[in-house]
Amino acid sequence: PPPNEAGTQQISIYFNTLLATQVHGKQIISTARKALDMCKKIHPDLVLLDLNMTHIDDFQVMEQLREAEKGSYAPILVLTTQSDRNIRFNALAAEARDFVEKPFDINGVVPRISNMLETRLLNNQVRDQNQILEKKVTARTRAYSQSVSP
C-alpha cells in the first residue's frame, strides 16, 4: 500500500508502478512546462496534475491542457494536499474531471482513473465516428450537387 503521507515524488513513483501494471505507454513528467509540451504532442489519455507544481500557475496549466485538447475531453485528475473547498471548486470549474486530496486511498483512486480512461476512450470513439460521418456527408452532398447540376 502507498504511504499515508505521500509527497509528490512518492505519488509519482507509486502511480508509475500502478500504471505500469495496468496501462501501456505511460510517462510521468515532473514539471509543468515539460507536461504541457508533451501533452500538445501526444494528447495523453490521463493527466495527473498536482496543484503544488512550480513555475506556472496550476490553473493556467489546466487551461493550456484544455486548449491542447481543442474542445475534446481533457482527462485531468487533480491531486492536492489542499483541502480548501475553493481550491476544489476552482479546479473543477477549470474543467478538471476529478479531484483527489492527499493522502488518498488508492482503492478510491484506481476506480476514478479507470472511469476517466473509459470516458476518454468513449469520447475519442465518438469524435472519430463524427469525423467519418462528416466525410460521408460531404462526399454525398458533393455527389448530389454534381448530379443535379446541368
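Residues numbered from 1 in each chain as written. Predicted model: local features only at pLDDT ≥ 70, side-chain atom pairs only at ≥ 80, totals over all residues. Heavy atoms only, no water.

A.B. asks: Please provide a residue-by-residue account of the overall build of the chain, values included.
C.D. replies: Each helix and strand counted, the chain has five helices and three strands in total. When the elements of the chain are put in sequence order from the N terminus, they spell out α-α-β-α-β-α-β-α. When each of the 150 residues of the chain is scored for burial, the buried share is 32%. Looking at the chain alone, contacts between residues at least 24 apart form 57% of all its contacts between residues at least 6 apart. (Helix = DSSP H or I, 4+ residues; strand = E, 2+ residues; numbered from the N terminus. Buried < 20%, exposed > 50% of the residue type's maximum accessible area, 1.4 Å probe, protein only. Contact = heavy atoms within 4.5 Å.)

A.B. asks: Pulling in residues and values, what's your account of the nonpolar core?
C.D. replies: Of all hydrophobic cores here, the largest spans 16 residues; its most connected members are M62, L65, I76 and V78. Among the elements of the structure, α2 (32-42), β1 (47-50), α3 (58-69), β2 (76-80) and α4 (85-93) are those that each provide at least two residues to this core. Of all hydrophobic cores here, the second largest spans 10 residues; its members include Y73, V100, I113 and M116. (Core = buried A, V, L, I, M, F, W, Y, C linked by side-chain atoms within 4.5 Å.)

A.B. asks: Please give an account of α3 that cites residues and values.
C.D. replies: The terminal C-alpha atoms of α3, which comprises 12 residues, lie 17 Å apart, in line with the 16 Å expected from a rise of 1.5 Å per residue. When we look at burial in α3, the residues that qualify are D58, V61, M62, L65, A68 and E69. Projected down its long axis, α3 carries its buried residues within an arc of 120 degrees, all on one side. Phi for K70, located one or two positions after α3, is positive at around 50 degrees. (Expected span 1.5 Å × (residues − 1). Arc of directions from axis to C-beta.)

A.B. asks: Can you break down the confidence of the model for the chain residue by residue, with the values?
C.D. replies: For the chain, the mean per-residue pLDDT works out to 75, and 74% of the residues sit at or above 70. Mean pLDDT across the elements of the chain ranges from a minimum in helix α1 (residues 8-22), with 47, to a maximum in helix α5 (residues 106-148), with 90. Counting interchain partners and residues more than four positions distant, the pLDDT-below-50 stretch residues 1-14 has 16 contacts. (pLDDT = per-residue confidence, 0-100.)

A.B. asks: Account for the pairing of β2, naming residues and giving values.
C.D. replies: Across a regular strand the side chains alternate sides, sitting on one face of the sheet and then on the other. Among the five residues in β2, five count as buried, and that is most of the element. Residues I76, V78 and T80 point to one face of β2 and L77 and L79 to the other, with burial holding for every one of them. Pairing analysis gives four bridges linking β1 to β2, with the strands arranged parallel. The residue of β2 that forms the bridge with D50 is L79. (Pairing = 2+ DSSP bridges.)

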